[in-house]
Amino acid sequence: MALTITIPRPDDWHVHLRDGEMLDAVIGYTSLRFRYAMVMPNLTTPIATTDQAVTYRNLINDATPPESPDFHPLMTLYCTDQLEVQDLLRGHKEEIVEAVKYYPAGATTNSQSGGSSMMDYSHIFESMQEHGIPLLVHAESTNPNIDIYDREAAFLEQELQDICNNFPEMKITVEHISTSAGVDFVNAYETLGASVTPHHLSRNRSDMISPAFHADLFCKPVINSENDRQTLVSTVTSGNPSFFLGTDSAPHPTKAKYGKEAKAGIFNAAYGLEVVAEIFASEDKIDQLPAFTSENGAAFYGYEPSEEQLVLTREQVEIEVATHLSTQSGKEVVLFGTEEASHWTIKAKTD
Ligand SMILES: [Zn+2]
């Protein structure tokens with residue numbers, strides 16, 4: 001018998017929509033399926049002012065297919081030296097700016113405008129705490145002397161712990177959490193939440209480099225050990241309200257992924273929901289899926305879950321699914337999760 005579950009239309013609390021022809025090529029995957037999308041600000045020119053956020057939001061809305069049911073991009077500003085408190089407060093008050101994103105300089109794609117120490121931005125965090133503006137953090141040390149698989153833990157201990165202690169009322173999201181150390185850290189503070197990606201829930205670091213290097217699984221923070229993956233799975237399938245879906249969908253053309261220096265990022269907006277559903281189904285925890293995809297994140301950011309619903313059905317037979325998308329000029333992007341997607345159909349509930 002086919003397995004079926006109905007969930008409120010999900011939200012994606014972490015997504016890279018890019019701009020130009022890549023935005024045109026990817027936006028429909030997000031807008032046709034998700035309600036809110038927390039849009040990351042790391043374009044080639046970082047989104048650091050309210051005016052830039054308005055311009056970017058207009059670009060996104062113009063690119064959104066008109067048949068998208070109930071889609072709202074939520075804009076973030078990049079925590080950089082160009083970020084000004086007065087402008088941030090205006091943007092937040094006018095409901096243009098949802099949150100601020102901190103990147104350690106050099107940690108990932110277009111992060112060169114990021115910070116070298118979080119405490120340098122204390123004056124900004126002070127106002128964010130006062131006005132209830134959430135801080136989103138790419139928690140990964142850039143210290144080359146630290147083993148890459150330990151860099152999340154190192155950052156949490158060396159950087160974020162001080163911030164949590166100095167700003168005990170600021171709402172903070174540890175983005176794309178990838179380790180058990182991260183789970184423990186988030187569970188230790190009431191004001192912390194964490195986004196979790198489909199790929200960190202479904203793959204481990206051996207998948208990435210065995211039997212050969214698999215650039216399509218290369219992302220930041222890197223996918224970690226099987227033990228870490230299992231901790232993430234047991235945490236999200238337990239219904240723990242601090243953890244919610246953020247796909248970290250990050251498209252790169254295959255040319256850049258398979259080139260000499262593989263770009264970090266996985267495009268999973270297309271099938272991320274299927275990948276997550278497959279995990280919950282295989283753990284026999286499908287009843288906890290709506291909490292993770294549609295309720296916990298909304299509650300964390302102060303929203304009600306969507307009143308629209310999606311029906312997810314796991315089919316016995318395999319369905320044929322697309323493996324790539326193509327931009328207007330012919331750049332290809334690999335779709336993550338085709339294996340899982342071949343077992344699921346997802347439709348809007350229409351009664
Ligand atoms: Zn990201």
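In this report, the structure presented in the accompanying data block is examined.

**What to know about the sheet that holds strand β8 (residues 192-196)**
Reading across from one edge, β2-β3-β4-β5-β6-β7-β8-β9 is the order of the 8 strands in this open sheet, with parallel pairing throughout. Of all the strands in the sheet, just β2 (12-15) and β9 (243-245) have a single pairing partner and so form its edges. On average, each strand axis in the sheet is tilted by 30° relative to the strand beside it, whichever way the strands run. Where strand β4 (residues 72-78) and strand β5 (residues 97-102) come together, 4 bridges link them in parallel fashion. Counted as the bridge partner of tyrosine 78 is lysine 101 from β5. Sheet strands in contact with helix α2 (residues 50-63) are β3 (36-39), β4 and β5, and its direction is about 150° off that of β4. Running at roughly 150° to β8, helix α6 (residues 180-187) makes contact with β7 (172-174), β8 and β9 of the sheet.

**Remarks on α2**
Between its first and last C-alpha atoms α2 spans 20 Å; for 14 residues at 1.5 Å apiece the expected length is 20 Å, and the two agree. Taken as a whole, α2 has its buried residues at Thr50, Ala53, Tyr56, Ile60 and Ala63. End-on, the buried residues of α2 take up no more than an arc of 145°, which puts them together on one face. Projecting away from the buried face of α2 at angles above 90 degrees are the exposed residues Asp51, Thr55 and Asp62. Structurally, α2 contributes buried residues whose contacts are with α1 (20-31), β3, β4, α3 (85-93) and β5.

**Some thoughts on the environment of glutamate 340**
Turning to its location among the elements, glutamate 340 is positioned in helix α13 (residues 338-341). For glutamate 340, a relative accessible area of 9% gives the class buried. Once residues within four sequence positions are removed from consideration, glutamate 340 is found in contact with Ser202, Arg203, Glu274, Val275 and Glu278.

**Regarding α3**
Of all the residues in α3, the buried ones are Val85, Asp87, Leu88, Leu89 and Gly91. Looking at the packing, one finds that the buried side of α3 touches α2, β4, β5 and α4 (122-131). Glutamate 95 sits one or two positions beyond α3 and adopts a positive phi of about 55°.

**Concerning the coordination of the zinc ion**
Summarising the metal site, the zinc ion is bound by the protein donors His14 (NE2), His16 (NE2) and Asp248 (OD), whose distances to it range over 2.1 Å. Within one chain, the residues donating to the zinc ion are spaced in sequence as H-x1-H-x231-D. You can see histidine 14 sitting in strand β2 and its partner aspartate 248 sitting in the loop between β9 and α10 (254-257), a full 234 residues away along the chain. With respect to burial, histidine 14 and aspartate 248 carry one shared label: buried.

**Considerations on the sheet that holds strand β1 (residues 3-8)**
Taken in spatial order, the 3 strands of this open sheet run β1-β10-β13, and their pairing is antiparallel. What marks the edges here is a single partner per strand, and that holds for β1 and β13 (344-348). The sheet shows a mean angle of 20° between the axes of neighbouring strands, taken without regard to direction. Of the strands in this sheet, β1, β10 (309-314) and β13 touch helix α11 (residues 272-282), which is tilted by about 115° from β13.

**Considering the packing of aromatic side chains**
Enumeration according to the criterion identifies 15 aromatic pairs in this entry. For the pair tryptophan 13 and tyrosine 36, a centre-to-centre distance of 6.2 Å together with 45° between the ring planes defines the contact as tilted. Separated by 23 residues along the polypeptide, tryptophan 13 in strand β2 and tyrosine 36 in strand β3 bring together distant segments of the chain. A cation over an aromatic ring shows up here: lysine 171 above the ring of phenylalanine 300, its NZ or CZ 5.5 Å from the ring centre. A cation over an aromatic ring shows up here: arginine 205 above the ring of tyrosine 149, its NZ or CZ 4.5 Å from the ring centre.

**Some remarks on the packing of α11 against helix α12 (residues 289-301)**
In the contact formed by α11 and α12, the axes pass within 9 Å of each other and the chain directions differ by 145°. Contact residues: Leu273, Val276, Ala277 and Phe280 in α11; Leu289, Phe292 and Thr293 in α12.

**Topic: the side chain of threonine 254**
Relative to the helices and strands, threonine 254 resides in helix α10. Beyond its immediate chain neighbours, meaning those up to four positions away, threonine 254 contacts Gly259, Glu332, Val333 and Val334.

Rules behind the numbers
- Residues numbered from 1 in each chain as written.
- Predicted model: local features only at pLDDT ≥ 70, side-chain atom pairs only at ≥ 80, totals over all residues.
- Heavy atoms only, no water.
- Pairing = 2+ DSSP bridges.
- Helix = DSSP H or I, 4+ residues; strand = E, 2+ residues; numbered from the N terminus.
- Axes fitted to C-alpha atoms, helices over the stretch in contact; angles between N-to-C directions.
- Contact = heavy atoms within 4.5 Å.
- Expected span 1.5 Å × (residues − 1).
- Buried < 20%, exposed > 50% of the residue type's maximum accessible area, 1.4 Å probe, protein only.
- Arc of directions from axis to C-beta.
- Donors = N, O, S within 2.8 Å, 3.2 Å for Na, K, Ca; no water.
- Phe/Tyr/Trp six-rings, centres within 6.5 Å; stacked < 30°, edge-to-face > 60°.
- Lys NZ or Arg CZ within 6 Å of the ring centre and 35° of its normal.

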